[in-house]
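Chain by chain, the residues run as shown.
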Amino acid sequence: MFKKVLIADDLVSINEGVSHTLSGLNINGAKQVTYCDEAYLQIKKADRDNLPYDLLITDLSFTADHRRQRFSSGDALAEVVKKEHPEIKVIVYSVEDRFQRVRQLYNDVHIDAFVCKGRDGISELKDAIKTVSEGNRYISPKVAMALSNNANLEINEYDITLIRLLSYGYSQEEISKDLKEKNVSPSSVSAIEKKLNKLKIQFRANNAIHLVALVKDMGLI
């Protein structure tokens with residue numbers, strides 16, 4: 001299990017909650033900071049003192065204030081830490097749920113875990129800490145589809161056309177009319193409604209607006 005942990009979140013209450021979670025896993029004395037730059041400096045100092053951190057748990061969004069920061073987001077912090085100190089495990093603990101951003105952090109930055117804050121956040125964070133300590137990687141089930149090789153292939157041109165028209169603010173009746181004019185089928189309102197409902201389930205979208213946002217984030221429209 002981890003011996004020296006650094007927690008970075010601009011909300012002290014979140015830091016305290018994460019620290020309490022670590023204590024429950026017999027990891028005590030975690031250092032808490034509220035700025036990305038402060039986290040980076042702590043990591044550098046610990047390395048110079050030959051007392052390096054072995055785990056960083058960081059949020060992604062940090063509210064800007066009067067202090068000028070070199071690193072304005074957890075993304076930037078995670079990226080530089082993995083480049084300069086690849087031996088440090090990095091767990092992102094965030095409300096973020098956009099597939100494109102999760103995929104980039106996981107595949108390009110090579111973070112070790114992505115945990116979604118929320119109802120099951122603490123439980124998933126415990127699982128992530130245990131999983132990462134065993135040399136494996138972890139991702140919250142909520143955003144696991146971001147890593148699916150089929151995530152982009154499961155949506156075809158017809159689906160993209162529907163979502164694109166939806167993004168223009170078209171009603172289902174207007175989408176039906178547009179498809180009929182272009183000789184695209186199926187074009188009935190009932191078929192369109194059924195397909196959009198399936199897409200909302202597939203992408204775990206709360207509503208049509210959320211569906212459009214998710215597909216845009218994936219760069220498909």
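Everything quoted here is computed from the prediction, not taken from an experiment. Each chain has its residues counted from 1, running along the sequence as written. With pLDDT at 70 or above as the cut-off, local features in this predicted model cover only qualifying residues; side-chain atom pairs require 80 or more to be listed or tallied, and sums for whole chains, interfaces and linings still use all residues. Excluding hydrogens and water, the side-chain figures rest on all heavy atoms present in the structure.

A. Representation of the overall build of the protein within the structure. Secondary structure elements are taken from DSSP: a helix is a run of H or I of four residues or more, a strand is a run of E of two residues or more, and numbering for both begins at the N terminus. In terms of regular secondary structure, the protein is built from nine helices and six strands. Throughout, exposure labels follow a simple rule: accessible area from a 1.4 Å probe, protein chains only, divided by the maximum for the residue type, with under 20% read as buried, over 50% as exposed, and the rest as partly exposed. The buried share of the protein, reckoned over its 221 residues, is 45%. The contact definition used throughout considers only heavy atoms, calling two residues in contact when any of these lie within 4.5 Å. Counted over contacts in the protein with a minimum sequence separation of 6, partners at least 24 positions apart contribute 65%. When the accessible surface of the protein is totalled, it reaches about 11,800 Å², and 47% of it is carbon and sulfur. Counting 31 positive and 31 negative side-chain charges, the protein places the centres of these two groups 1 Å from one another. The Shrake-Rupley method, run with a 1.4 Å probe, gives the accessible areas here. Residue values count only the displayed protein chains as cover. Charge assignment: positive for Lys and Arg, negative for Asp and Glu; neither His nor the chain ends contribute. Every charge is mapped to an atom, namely NZ of Lys, CZ of Arg, CG of Asp or CD of Glu.

B. Representation of unusual backbone geometry. That bond from Ser185 to Pro186 is cis: its omega, 0°, falls within 30 degrees of zero. Positionally, Pro186 belongs in the loop between helix H7 (172-181) and helix H8 (189-202). One non-glycine residue, Asn183, lies in the positive phi region at around 60°. If you check the backbone angles, Arg204 has positive phi at about 55° while not being a glycine. Relative to the helices and strands, Arg204 is located in the loop between H8 and helix H9 (208-217).

C. Layout of the nonpolar core. Among buried residues, the Ala, Val, Leu, Ile, Met, Phe, Trp, Tyr and Cys ones that are joined through side-chain atoms within 4.5 Å form a nonpolar core. Membership of the largest hydrophobic core comes to 50 residues, with the highest contact counts inside it found for Leu56, Leu77, Val81, Ile111, Phe114 and Leu211. Of the residues forming this core, the biggest block, six residues, is contributed by helix H6 (residues 157-167). Those residues within four positions of Val81 in sequence are excluded, and the remaining contacts are Ile43, Leu56, Pro86, Ile88 and Val90.

D. Spatial organisation of the packing of aromatic side chains. Each pair of aromatic rings taken from Phe, Tyr and Trp, with Trp reduced to its six-membered ring, is defined by centres within 6.5 Å and is described as stacked if the planes are under 30 degrees apart, edge-to-face if over 60, and tilted in the remaining cases. Tallied over the entire structure, the rule returns two aromatic pairs. Geometrically, the ring pair formed by Tyr168 and Tyr170 is edge-to-face, given 6.1 Å between the ring centres and 65° between the ring planes. Tyr168 gets classed as exposed once you look at its relative accessible area, which sits at 52%. Placement of a positive charge over a ring is assigned whenever Lys NZ or Arg CZ falls within 6 Å of the ring centre and within 35 degrees of the normal to the ring plane. Lying across the ring of Tyr93, Lys117 places its NZ or CZ 5.6 Å from the centre. For Arg137, the ring lying beneath its charged end belongs to Tyr106, and the centroid distance is 3.9 Å.

E. A look at the environment of Ile122. On the secondary structure map, Ile122 appears in helix H5 (residues 121-133). Separated by 104 residues in the primary sequence, Ile122 and Val18 have C-alpha atoms spaced 7.8 Å apart.

F. Quick look at the packing of H6 against H8. In the contact formed by H6 and H8, the axes pass within 11 Å of each other and the chain directions differ by 95°. The angle between the axes of H6 and H8 places the two elements in the roughly perpendicular class. On H8, the residues touching Tyr158, Asp159, Leu162, Ile163 and Leu166 of H6 are Ile192, Lys195, Leu196 and Leu199. Here the contact of H6 with H8 is built from residues that sort into seven nonpolar, no polar and two charged. Axis geometry follows a simple rule: fit a line to the C-alpha atoms, using only the stretch in contact for helices, then measure angles between N-to-C directions, giving values from 0 to 180 degrees. An angle below 35 degrees is read as roughly parallel, one above 145 as roughly antiparallel, one from 65 to 115 as roughly perpendicular, and any other as oblique. Polarity classes work like this: nonpolar for Ala, Val, Leu, Ile, Met, Phe, Trp, Tyr, Cys and Pro, charged for Asp, Glu, Lys and Arg, and polar for all others, with Gly in that last group.

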